[in-house]
Amino acid sequence: MINEVALGRALRERRLMKLVKLLPIMAIASVCVAGQVHAAQDPLMMPEQPAAPLTAEQQEISLAVPSEEVKAVVSEFAAFQLGQPNTGRVSGQERLANNALYYMNVRRSWYITSHRYKKDSYARVALDRLYLDYKEFFTNNTTISEMNQAEYERQILAILEKNTENINNNELRFYMNEMVIHSLKQAMRDNNNRVKRIR
């Protein structure tokens, strides 16, 4: 009888030890499954849906676009561009506008690559559309004068507003703000006179 009780206790302890050893593996597996389920639900990875205007409630809780930082950087960029010399084969203003596009494409590509957005994903389509609108703007508006500085700034901000007016995903709205901030700041920091290739 004592041997049977001891044997039963030993078997229970052995099962418990096996279970204790399996718990970390089960925990890791459940985290992986939960992560995949969440990734499958990420709206930025899904194909773009028809856009609808934001409701009043969505507008209240949405991230401000353009943000105050974007407005400040745009103003700083326009003033900086105005101070660039317009001499040489490529003027300083043209080079600065070109560099802004180059760095915007760098940031756009970084978001797409790091998040592995597919060609038809909501985020990629929105980021591409924003970049193409800025590409058209900076290609057609390479120089600035004191007379049109305020209008130049307004147009840069209007492109961002137009591209985000129907976007209710704050993560994507943040990325779009950051694309503009990054590109303009980097263009002002770049002291290399070499003209960068735009794609």
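Shown above is the structure to which this text applies.
Structure report, in brief.

Cut-offs used in this document
- Residues numbered from 1 in each chain as written.
- Predicted model: local features only at pLDDT ≥ 70, side-chain atom pairs only at ≥ 80, totals over all residues.
- Heavy atoms only, no water.
- Helix = DSSP H or I, 4+ residues; strand = E, 2+ residues; numbered from the N terminus.
- Buried < 20%, exposed > 50% of the residue type's maximum accessible area, 1.4 Å probe, protein only.
- Contact = heavy atoms within 4.5 Å.
- Areas by Shrake-Rupley, 256 points an atom, 1.4 Å probe, with all protein chains shown as cover.
- Salt bridge = Lys/Arg side-chain N within 4 Å of Asp/Glu carboxyl O.
- Polar contact = N/O pair within 3.5 Å; in protein donor to acceptor, adjacent residues only side chain to side chain.
- Core = buried A, V, L, I, M, F, W, Y, C linked by side-chain atoms within 4.5 Å.

1. Some points on the overall build of the protein chain
- Looking only at helices and strands, one finds seven helices and zero strands in the protein chain.
- Counting all 199 residues of the protein chain, 36% fall into the buried class.
- A separation of at least 24 residues holds for 78% of the contacts in the protein chain among residues at least 6 apart in sequence.
- Accessible surface computed for the protein chain: about 12800 Å², of which carbon and sulfur atoms make up 56%.

2. Observations concerning the pattern of salt bridges
- Inspection of every chain in the model, using the stated rule, returns six salt bridges.
- Among the salt bridges present, the one from E68 reaches K71, with a minimum N-O distance of 3.6 Å. Of the two residues, E68 and K71 both sit in helix 3 (residues 68-82), three residues apart, roughly one turn of that helix.
- Between D128 and R124 there is a salt bridge; the shortest N-O distance is 3.7 Å. Taken together, the residues D128 and R124, both in helix 5 (residues 122-140) and four residues apart, mark about one turn of the helix.
- For R124, a relative accessible area of 18% puts it in the buried group.
- Through salt bridges with shared partners, one network takes in R108, R124 and D128.

3. Topic: the side chain of Q81
- With respect to the element layout, Q81 can be found in helix 3.
- Engagement of the side chain of Q81 in a polar contact is seen with the backbone oxygen of T142, the distance being 3.1 Å.
- Setting aside chain neighbours within four positions, we find Q81 in contact with Q93, L96, A97, T142, I144 and Y152.

4. Structural notes on the nonpolar core
- Formed by 40 residues in total, the largest nonpolar core has its most connected members in F77, L127, Y134, F138 and L172.
- Counting only elements with at least two residues in this core, the list comes to helix 3, helix 4 (92-115), helix 5, helix 6 (149-164) and helix 7 (170-189).
- Residues in contact with L172, not counting those within four places in the same chain, are L44, Y122, A123, A126, L127 and I167.

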